[in-house]
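Structural overview
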Amino acid sequence: RRTLALYAALRGPASITFINISMPPAIPAGARVEVHGLSAKPEHNGKLGRAVSYDHNRERVGVHLDSGDRLLLRVANLRLTQEELPTHKELAVFAQMFSKPGALSSEADGSAAEPTAPPPPAPPRDGSGSWDDLDEQQVMLSLSEEEARAVVGDGAGATLSSSTPSLEAALSSAVRRNELTAFANAPRYDRLVLSCKRTDTLGDATYTVEAGLDAFDGLGWWTTTDRTHADLASDGFVRIGAEALVAEYGGVMRFLELCRRLGPPRYTMKTALDPEAKPHVIAVVERLCAASALRCLLSCEAAAAHAS
């Protein structure tokens, strides 16, 4: 049976349990590899990447290239590099991002799949949430002089701008087109989770992220998580449509949008499986998000770095 996950991670800040998935002897799980000897796709020869899975039936290694491509290749077309193997936490991050919906959930009703029916009307806000009345003004209060000039201008230079759509426009459009599924902790509306599916040569992958912010310091971020739709429902989250997303999270999205345009360290990507993930691990997360409907969440710098 084909398995895309390298490891299964049990949730918990300090308790991650790993289950080894069989790999060919010559290519350890998570190894850095170089592609060579391809005749059908010679443009990939010489590219570097990481071995993330193994298809026993087809005897092919799943490789995620640094360029963002994901391929199934014969062992003979891969050579190990001299780079160190990733840590267990790093492998857990890669496994999370490459897991098939079925590997993350045992629901027989297919609740991990992207729904297409419109959600029921969202419950009204009860006024008890910590994100009530939040907007971009909270970020403005925390800016340095240089950041403030970048945002509002000083009469001599250009103001901070972006050629990409705002988060509010991009996310509401993606939810409306069923490219993203949004979940809220109604009626407080101070947690927001987004989920999407991506399909390519290695199969289906489900990516789930949760919004986070620090209103006092003016910081915003998105954290990858391994929760399924059933997990979210059991935690009290409800699915919401584009209209409810704008109505209940408009201020939050404007807060995050300003952080996004300012860029790091105001705006970052994180992973729940490794809170202290190194930059190259976050780069993998960003690269995979860039190839999915979550691309609009990337900072302007990260989006440019991972543009195809």
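You'll find the structure just up there.
Let me sum up the structure you'll find in this document. (Residues numbered from 1 in each chain as written. Predicted model: local features only at pLDDT ≥ 70, side-chain atom pairs only at ≥ 80, totals over all residues. Heavy atoms only, no water.)

Turning next to the overall build of the protein. Along the backbone of the protein there are 9 helices and 11 strands. A total of 308 residues make up the protein; the buried ones form 48% of that total. At a minimum sequence separation of 6, the contacts of the protein that also span at least 24 residues come to 66%. In the form shown here, the protein has an accessible surface area of approximately 14700 Å², with 52% of it arising from carbon and sulfur atoms. (Helix = DSSP H or I, 4+ residues; strand = E, 2+ residues; numbered from the N terminus. Buried < 20%, exposed > 50% of the residue type's maximum accessible area, 1.4 Å probe, protein only. Contact = heavy atoms within 4.5 Å. Areas by Shrake-Rupley, 256 points an atom, 1.4 Å probe, with all protein chains shown as cover.)

Over its 21 residues, helix α7 (residues 242-262) runs only 26 Å from end to end, short of the ideal 30 Å by more than 12%, given 1.5 Å per residue. Taking the largest bend as the criterion, α7 deviates by roughly 75°, centred on Y249. Phi turns positive one or two residues past the end of α7, at G263, with a value near 80°. (Expected span 1.5 Å × (residues − 1). Bend = angle between axes of the 7 residues up to and from the residue.)

What follows is about the pattern of salt bridges. In this structure the tally under the stated criterion is 15 salt bridges. A salt bridge links E210 to R191; the nearest nitrogen and oxygen atoms lie 2.7 Å apart. Highlighted residues: E210 in strand β8 (residues 203-214) and R191 in the loop between β6 (181-184) and β7 (192-200), separated in sequence by 19 residues. Residue classification places E210 among the buried residues on the basis of a relative accessible area of 14%. Judged by its relative accessible area of 33%, R191 falls in the partly exposed class. Measuring nitrogen to oxygen at the nearest pair gives 3.0 Å for the salt bridge that ties R260 to E257. Linking R260 with E257, this pair stays in helix α7, spanning 3 residues, or about one helical turn. Across the pair, exposure class does not vary: R260 and E257 are buried alike. One network of salt bridges, with partners in common, ties together R191, E210, R227 and D235. (Salt bridge = Lys/Arg side-chain N within 4 Å of Asp/Glu carboxyl O.)

With that settled, consider the pairing of strand β3 (residues 60-65). The buried fraction of β3 amounts to 5 of the 6 residues, a majority that puts the element mostly inside the structure. Looking at chain direction, strand β2 (residues 48-55) and β3 are connected through 6 bridges and run antiparallel. Paired with A51 across the strands is V63, a residue of β3. Here β2 folds back onto β3 in antiparallel fashion, the turn holding 4 residues, of which E59 has a positive phi close to 55°. Bridging between β3 and strand β4 (residues 70-73) involves 4 bridges; their strand directions are antiparallel. Across the sheet, the residue bridging to H64 is R70, located in β4. Counted along the chain from β3 to the antiparallel partner β4, the turn is 4 residues long, and its residue G68 has a positive phi close to 105°. (Pairing = 2+ DSSP bridges.)

So, about unusual backbone geometry. Note: most residues except glycine have negative phi, and most peptide bonds are trans. Put simply, A186 and P187 share a cis peptide bond, and its omega is 5°. Mapped onto the elements of the fold, P187 is located in the loop between β6 and β7. In the segment running from P264 into P265, the intervening peptide bond is cis, with an omega of 0°. Turning to its location among the elements, P265 is positioned in the loop between α7 and β11 (267-271). Within the chain, E59 stands out as a residue other than glycine whose phi angle is a positive 55°. With respect to the helices, strands and loops of the structure, E59 is situated in the loop between β2 and β3. Of note, the phi angle at D133 is positive, near 65°, even though the residue is not glycine.

Further remarks concern the sheet that holds strand β5 (residues 78-80). With antiparallel pairing, 5 strands are arranged side by side in an open sheet as β4-β3-β2-β1-β5. Each end of this open sheet is capped by a strand with a single partner; those strands are β4 and β5. Adjacent strand axes in the sheet meet at a mean angle of 45° when their direction is disregarded. (Axes fitted to C-alpha atoms, helices over the stretch in contact; angles between N-to-C directions.)

Quick look at the packing of aromatic side chains now. Enumeration over the complete set of coordinates arrives at 2 aromatic pairs. When the centroid spacing of 6.3 Å and the interplanar angle of 80° are considered together, the rings of W131 and Y249 count as edge-to-face. Here Y249 lies in helix α7 and W131 lies in the loop between α2 (101-104) and α3 (137-140), a separation of 118 residues in the sequence. In this structure W131 comes out as buried when scored by relative accessible area, which is 9%. Considering the side-chain rings of Y189 and Y249, the 5.9 Å spacing of their centres and the 75° angle between planes classify their relative orientation as edge-to-face. Residue Y189 is found in the loop between β6 and β7, and its partner Y249 is found in helix α7; the two are separated by 60 residues along the sequence. Classification of Y189 as buried rests on a relative accessible area of 0%. Relative accessible area serves as the criterion here: at 0%, Y249 is assigned to the buried category. Here the aromatic cluster, defined as three or more aromatic residues joined through ring pairs, consists of W131, Y189 and Y249. Between the NZ or CZ atom of K270 and the centre of the ring of W221, over which it lies, the distance is 4.0 Å. (Phe/Tyr/Trp six-rings, centres within 6.5 Å; stacked < 30°, edge-to-face > 60°. Lys NZ or Arg CZ within 6 Å of the ring centre and 35° of its normal.)

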